[in-house]
Amino acid sequence: MKKSHPIRRVLLASAATVSGIVLLLSLKPATDSTSASAQGAAAQGAAAAQESPQGGAAAAGTSTVTGAVAQTQYGVVQVRLTVANGKITKAEAIQAPKGGTSDQKTALSVPKLNQEVVATQSADITSVTGATYTSGGYKQSLQSAIDKMKAAGANTASPSQSSAAGSGQAAQAKTVTGDVVTTEYGPVQVRITVAGGKITKADAVQAPSGGTSDQKTALSIPKLNQEAVAAGNANIDSVSGASYTSGGYKKSLQSALDKAGG
Amino acid sequence: MTTTLAGGRAARRQTMRRIRPRRSPATLLLLAVWAGAVGVLWMWWHNTPSIADQNGKILNAGRITGLLAGYLMALVVLQMARVPALERRVGSDRVARWHAMSGRYTLCLVFAHVFLIMWGYALQAGKTLSDIVQQTIDSVNQLPDMGKAAIGTGLFLLIGLSSIGAVRRRLPYDLWYHVHLLTYAAVFFTFWHQITTGNDFALTPIAKTVWYGLYGSVTALVVWYRILTPIRLNMRHRMRVEAVIEETPGIVSVLIGGRKLHRMGAEAGQFFRWRFLAPGMRFSSHPYSLSAAPRPNMLRITVKAIGDHSARLRELRPGTKVWAEGPYGALTSQRRTRGKVLLVAGGVGITPMRALFETLPGAAGDITLLYRANTTQDLALWDELAKIADERGARLMYAVNSPDGERPDISAESLRRKMPDIDNHDVFMCGPPGFAQSVYEALRGAGVPARRIHHESFEM
């Protein structure tokens, strides 16, 4: 029976909620205090990556790369690429959703997606209408295959290019790895290949992973890599929905450029 | 014509029970709810090492509102799951008020969450607040389960709008009720994006498990208590209308027969939600209190013809099947803490008071009923009240308007004059909101502590 005025209750609840949230937000530090140790570990990892033997797939030969298994609502998707001379010559799905209407959708979508991959040479393909989940899973698996392919390609490419530089060619190519930049979702580290003062290739040797970060990384890193090559500097646009990763990428890219310049 | 439905073995057995007040679990439940909210905030705190800039603040404010909304959403549904501990111990009226209050709050959180997250994403993409609509469309298209979430949010908007006081009063009750049932669909649609795009759930398997557990147990409770329990109750008792009796002009009693009705566990002061399977009535159920203690083969409700539904009760044919859900309500002898009890009834609020008057344990002189009506003709059930008073040695008083329409004097002074020991009574009260409010104030003025005034009000 105790009557409390409804307006007063509304005001009280709003004020309490807003001030509670503002308080919580202001109590959070602007930088991560645990980043020091993470950075150390990340630097070690990066060093290990650089020193690793160059026993990957031969750049000139034909090889196959199998992407990670991507889970979709209707089943798993896994993509295998055939790569020759650094180019994707064939794409196929070794696993795709089956059963019920999924059979139709798989039959409808997978061949189209395969063609698109060969045509675009990237994971930047359009989804097939009516098979968005399969397309999404396909893209995820494709991206991981492409990442693997690039990693293998980079490992073999750098020594050959540096030996080429030693032989006195005008276009000196070298790879420079930027600093590890810690973002809210994990460390980012960029490696660029510079030839004749231009960035010919950019990739991320470290990027946030786990949970939604996988999606965001898959979404943003390829775009950022392209942009870095296109722009030739660290003044590139952030990718929508992945601003932390983009921010970390840009910083690491800048440090790599600084090193390359000096 | 009036009925007399006094005495009976079940009623006598109830009068013999000892006074055993049971504390309402409301305080404990509220503490648990707050603890859960703190747990949710802790999860956010734990998963967020730092917030870099303004944009991060907006996004994290969006995450906090989203997490709290997701948590409260489950509780808002739980409040309407008809869990006996809530309906019979806390009281259906109080739980309904919690539901209305937390429902509004949760909807505000949902809309704040959508706005903040989309604003944050727009800023992340290097756009401004004015691009928020385009950003929302993009996010719905790109992120997993966001299409469903958008449908759910749309439903929430519809439900919220239909429940705004001014709108709700203009809508037919049945329409409002069925729109409100869409809440289940809305909760279902908005659940999935929490799991697939929520950082905290995607990153921490334990949090995901807890969330599935929370929503899973609420779903189980809803299915059990809103669907299976009523089916079992009605299969077992098979209720039908026995007779409809006009008590006074505008007030009718419906006698309901069935099997083993005393085994339903209903107590005096409680109500059922009734659905009469007659043309035009089968799609809505309405809460009406029992106006007599349950008999093995007979229940009785007494209803004033105010709305469409209650006016139609008069035309019910004997033999009409009845679907009932209950018993609900906490205005029972469990609330009692004292030997002496004053029952106050306003108009048709007599129904639960009549049942309590018959069954509350007490010696001669312990129980008093004060019955307020406009005229002596409006004193429904008066004959049987008089008979019960006579048999039990209870006091029965009425207050009606004087012939020239003047209201009777129910004030602190008049109450004290009539009952000098009124501050030593438990008071049970049922009546229209204005009446209940004025009597409450008079009782408090006469020295009755608030904790001993027991009242059920379905006013939001």
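Look up: the structure comes first, before these words.
Residues numbered from 1 in each chain as written. Chains lettered and ligands numbered in written order. Predicted model: local features only at pLDDT ≥ 70, side-chain atom pairs only at ≥ 80, totals over all residues. Heavy atoms only, no water.

Caption draft 1: Main features of the interface of chain A and chain B. Taken residue by residue, the interface counts 29 residues in chain A and 35 residues in chain B. For the pair chain A and chain B, the summed buried surface comes to about 2900 Å²; carbon and sulfur atoms form 60% of the total. The interface formed by chain A and chain B holds zero salt bridges in total. Counting every contact that joins chain A to chain B gives four residue pairs in polar contact (both at pLDDT 80 or more). Listed by contribution, the elements that provide at least two residues to the side of chain A that touches chain B are helix 1 (6-27), helix 5 (212-231) and helix 6 (243-261) of chain A. (Contact = heavy atoms within 4.5 Å. Buried area = accessible area lost by both parts, 1.4 Å probe. Salt bridge = Lys/Arg side-chain N within 4 Å of Asp/Glu carboxyl O. Polar contact = N/O pair within 3.5 Å; in protein donor to acceptor, adjacent residues only side chain to side chain. Helix = DSSP H or I, 4+ residues; strand = E, 2+ residues; numbered from the N terminus.)

Caption draft 2: Representation of a nonpolar patch on the surface within the structure. Residues and elements named next belong to chain B. Where nonpolar side chains cluster on the molecular surface, the patch consists of Val223, Trp224, Ile227, Leu228, Ile231 and Met235 and spans about 530 Å² of accessible area. With respect to the helices and strands, Ile231 occurs in helix 10 (residues 205-237). Assessed through its relative accessible area of 37%, Ile231 is described here as partly exposed. (Patch = residues over 30% accessible without salt bridge, like charges linked within 9 Å, V, L, I, M, F, W, Y side chains within 5 Å. Areas by Shrake-Rupley, 256 points an atom, 1.4 Å probe, with all protein chains shown as cover. Buried < 20%, exposed > 50% of the residue type's maximum accessible area, 1.4 Å probe, protein only.)

Caption draft 3: Fine view of the side chain of B:Thr48. In this fold, B:Thr48 is placed in the loop between helix 2 (26-47) and helix 3 (54-79). Given a relative accessible area of 1%, B:Thr48 falls into the buried group. At 3.3 Å, the side chain of B:Thr48 forms a polar contact with the side chain of B:Arg63. Residues within four places of B:Thr48 in sequence aside, it is in contact with A:Lys28, A:Glu184, B:Asn60 and B:Arg63.

Caption draft 4: Quick peek at the sheet that holds strand 7 (residues 340-346) of chain B. Residues and elements named next belong to chain B. Overall, parallel pairing links the five strands, which are arranged 9-8-7-10-11 in an open sheet. The sheet is open, and its two edges are formed by strand 9 (395-400) and strand 11 (453-455), each paired on a single side. Strand-to-strand twist of the sheet, defined as the mean angle between neighbouring strand axes without regard to direction, takes the value 15°. Pairing between strand 8 (residues 367-373) and strand 9: six bridges, direction parallel. What sits directly across from Thr368, in strand 9, is Arg395. Packing against the sheet, helix 12 (residues 350-359) makes contact with strand 7, strand 8, strand 9 and strand 10 (425-430), and its axis sits at approximately 155° to strand 7. Taken strand by strand, helix 13 (residues 382-392) contacts strand 8 and strand 9, and its axis lies near 150° from that of strand 9. (Pairing = 2+ DSSP bridges. Axes fitted to C-alpha atoms, helices over the stretch in contact; angles between N-to-C directions.)

Caption draft 5: Geometry of the sheet that holds strand 2 (residues 251-257) of chain B. Residue and element names in this part refer to chain B. If you walk across this open sheet you meet the six strands as 4-3-6-1-2-5, and the pairing is antiparallel. Whereas interior strands pair on both sides, the edge strands pair on one side only; in this sheet they are strand 4 (286-289) and strand 5 (298-304). Put simply, the sheet's adjacent strands are angled 40° from each other on average, direction ignored. As paired strands, strand 3 (residues 271-276) and strand 4 are joined by four bridges and run antiparallel to one another. Each bridged residue has a counterpart across the sheet, and for Trp274 the counterpart in strand 4 is His286. Against the sheet, helix 10 touches strand 1 (239-248) and strand 6 (321-328), its axis set at about 125° to strand 6.

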